[in-house]
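Below are the chains, spelled out letter by letter.
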Amino acid sequence: MPTVSMTVNGAEVSVEVENRTLLVQLLREQLRLTGTHVGCDTSQCGACVVHMDGIPVKSCTILAVQAADADVLTIEGVADGDTLHPMQAAFRENHGLQCGFCTSGMVMAGLDIARRFPDVDDATVRRELSGNFCRCTGYHNIVKSIVAGAHAMNEAGG
Amino acid sequence: MAQIEYAAPASIKEAVGLMANGGNSARVLAGGTDLLVQLRAGRLKPGLIVDVKSIDEMCSISVNKNDFRIGAAVCGAEVNEHKRLKKAWPGVCEALDLIGSTQIQGRATLGGNLCNASPAADSVPALIAASAVATIAGPNGRRKVPVEKISKGPGKTVLKKGEIVVYFTLPKPAPRSGDAYLRMIPRTEMDIAMVGAGVSLTVDKSGTCTAARVAIGAVAPIVLLVADGAKALIGTKIDDAALNALAAAASAACNPIDDMRGTIEYRTQVAGVLACRAALIAFERTRS
Ligand SMILES: Cc1cc2nc3c(=O)[nH]c(=O)nc-3n(C[C@H](O)[C@H](O)[C@H](O)COP(=O)(O)OP(=O)(O)OC[C@H]3O[C@@H](n4cnc5c(N)ncnc54)[C@H](O)[C@@H]3O)c2cc1C
Ligand code: FES
Ligand code: FES
């Protein structure tokens, strides 16, 4: 079996995988980083979004071997110790989650939206979230959270 | 489960060699947004996966004197960031911008959209309207095939064993040209086209159409180039009579399926409507 090496949340890891292993399986089943979720088998729901070399990707739609040498960021790497990242804090303050299943993907998508549109508005967030599904919230508070999180990040200087 | 071999060659030559020797279950992997979904569903059991993302020629965009060259493994998001391409072929760019969500567009490639050979692939009508030509590399060298000649039916292409699409060539548009792509989906996003229409046209100084190409998707087993639709526009100022003739030609070309997204009658009518709307947007763009 091939061994793949990559950086996950700042730490170097080397893992033996099968060629068919998906990045999300490596993260969840081998590294036990279970904050990244699997909500569908059609690459539609976005519960599995992580950043690979700074770009948001659906980790269920990438082979682990394709992520060789990449820099991967998952929800576990977002907070600073016990201090929530401003985007996470915004979800808490704005009631941006109910069951929480979609939340890690939403936060990872939100971080990317904030990076690309620091002054983001509701309409842009809604358009950009087309690849992230939520069964509970009706999206309203997720949109509010991401707008608030992006603005907080902007004020904190990114 | 059977083991899958994986290779990420750095050259076309190596990739073609691997594909040629890899048996019938060898598959090219580009963005994986079709392939890996089919793999997970068990619909596809590749023995060998050839990842083409390490091949420079397939992953770059270049601007030449007379044309643009877009690597088959370039993702849609990258095309949309290319200012000159966006200015020259806004319809092609808007088609790529409709594929999936941000996360999908950062992976999904032009070559994958074409070679997956779905009749509903969004970039294909736009590429056909833009006169795009695919350069294919295989064990016997390279050949060029117009995009409309690639698909043979759902999931089937003219690619022979060992062949890979390397890049697409799009001409630099003539002065006073414009293109557009529109699709109809039952939901507002994240769905597959029920009908798609791509139109490109050129007008002379008086505003009379001198050249046109019309392509419609999701209304037949392959994306159709509608020659009668182009004929309806050429020589006119895209007036109501020309648009009516275009709609009739587009609807007449349809041979759609009936499914949960739309009935045969509905698809046939919408194909005419969308072709007209795309023609009007393309016409508007000839002025900018
Ligand atoms: C959530 C979601 C939403 C989607 N929405 C849309 C949509 O709105 N519109 C749409 O058109 N599509 C949509 N798709 C389908 C898919 O994203 C596109 O078809 C995409 O362009 C495929 O490109 P890829 O690089 O990911 O292809 P891959 O999955 O890597 O490959 C697809 C097929 O083409 C072959 N192939 C790839 N590149 C080459 C090449 N250079 N030479 C020869 N063969 C090759 C592969 O072997 C495979 O059979 C969606 C998919 C998902 C998961
Ligand atoms: S689990 Fe990846 S998109 Fe649903
Ligand atoms: S909070 Fe339950 S799916 Fe979004």
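Structure: see above.
Okay, so let's go over this structure. Computed from a predicted structure; not experimentally measured.

1. Some thoughts on the sheet that holds strand β7 (residues 141-146) of chain B
All names here are of chain B. One open sheet accounts for 5 strands, arranged β4-β5-β10-β6-β7; its pairing is antiparallel. Sheet topology places β4 (61-63) and β7 at the edges, where each strand pairs with a single neighbour. Taking each pair of neighbouring strands and ignoring which way they run, the sheet shows an average axis angle of 20°. As paired elements, strand β5 (residues 67-71) and strand β10 (residues 164-171) share 5 bridges and run antiparallel to each other. Residue pairing in the sheet places phenylalanine 68 in a bridge with leucine 170 of β10.

2. Observations concerning the interface of chain B and chain A
Across the boundary between the two partners, chain B contributes 25 residues, which contact 31 residues of chain A. Where chain B abuts chain A, roughly 2,200 Å² becomes buried across the two surfaces, and 56% of that area is made up of carbon and sulfur atoms. Joining chain B to chain A, the criterion identifies 0 salt bridges. When contributions to the side of chain B that touches chain A are tallied by element, the ones reaching two or more residues are β1 (5-7), α2 (35-40), β3 (48-51) and α6 (102-105) of chain B. Taken together, the residues of the side of chain B that touches chain A break down into 11 nonpolar, 8 polar and 6 charged.

3. Quick notes on the site of ligand 1
Residues and elements named next belong to chain B. Val28, Thr33, Asp34, Thr109 and Asp122 are the nearest of the 34 residues found near ligand 1. Between ligand 1 and leucine 98, the relevant distance is 3.3 Å, taken from an oxygen atom to a main-chain nitrogen or oxygen of the residue. For ligand 1, whose accessible area on its own is 990 Å², the fraction buried by protein is 94%. Looking at the shell around ligand 1, the elements that each hand over two or more residues are β2 (26-29), α7 (110-115) and β10. Among the elements that take part in the shell around ligand 1, α7 stands out by supplying 4 residues, more than any other. Partitioned by chemical class, the residues of the shell around ligand 1 number 17 nonpolar, 12 polar and 5 charged.

4. Re unusual backbone geometry
Residues and elements named next belong to chain A. Phi is positive for asparagine 9, close to 50°, though the residue is something other than glycine. Positionally, asparagine 9 belongs in the loop between β1 (3-8) and β2 (11-16). With a relative accessible area of 27%, asparagine 9 lands in the partly exposed category. With phi around 60°, arginine 32 is a residue other than glycine that occupies positive phi space. Examined against the element boundaries, arginine 32 turns out to sit in the loop between α1 (23-30) and β3 (49-52).

5. Concerning the environment of Ile99(B)
All names here are of chain B. With respect to the helices and strands, isoleucine 99 occurs in the loop between α5 (90-96) and α6. For isoleucine 99, a relative accessible area of 14% corresponds to the buried category. Between the alpha carbons of isoleucine 99 and glycine 111 there is a distance of 13 Å; along the sequence they are 12 residues apart. Beyond its immediate sequence surroundings of up to four residues, isoleucine 99 is in contact with Ile104, Gln105, Ala108, Asn113, Asp122 and Ser123.

6. A few points about the pairing of strand β6 (residues 133-138) of chain B
Residue and element names in this part refer to chain B. Buried residues dominate β6, accounting for 5 of its 6 residues. Both β6 and β7 contribute to a ladder of 6 bridges, which runs antiparallel. Looking at the pairing, alanine 137 lines up with arginine 142 of β7. By the bridge criterion, 5 bridges tie β6 to β10 in an arrangement that is antiparallel. Bridge pairing in β10 places isoleucine 136 opposite valine 165.

What counts, and at which threshold
Residues numbered from 1 in each chain as written. Chains lettered and ligands numbered in written order. Predicted model: local features only at pLDDT ≥ 70, side-chain atom pairs only at ≥ 80, totals over all residues. Heavy atoms only, no water. Pairing = 2+ DSSP bridges. Helix = DSSP H or I, 4+ residues; strand = E, 2+ residues; numbered from the N terminus. Axes fitted to C-alpha atoms, helices over the stretch in contact; angles between N-to-C directions. Contact = heavy atoms within 4.5 Å. Buried area = accessible area lost by both parts, 1.4 Å probe. Salt bridge = Lys/Arg side-chain N within 4 Å of Asp/Glu carboxyl O. Nonpolar A, V, L, I, M, F, W, Y, C, P; charged D, E, K, R; others polar. Near = heavy atom within 4 Å. Polar contact = N/O pair within 3.5 Å; in protein donor to acceptor, adjacent residues only side chain to side chain. Areas by Shrake-Rupley, 256 points an atom, 1.4 Å probe, with all protein chains shown as cover. Buried < 20%, exposed > 50% of the residue type's maximum accessible area, 1.4 Å probe, protein only.

Geometry only, nothing functional implied.
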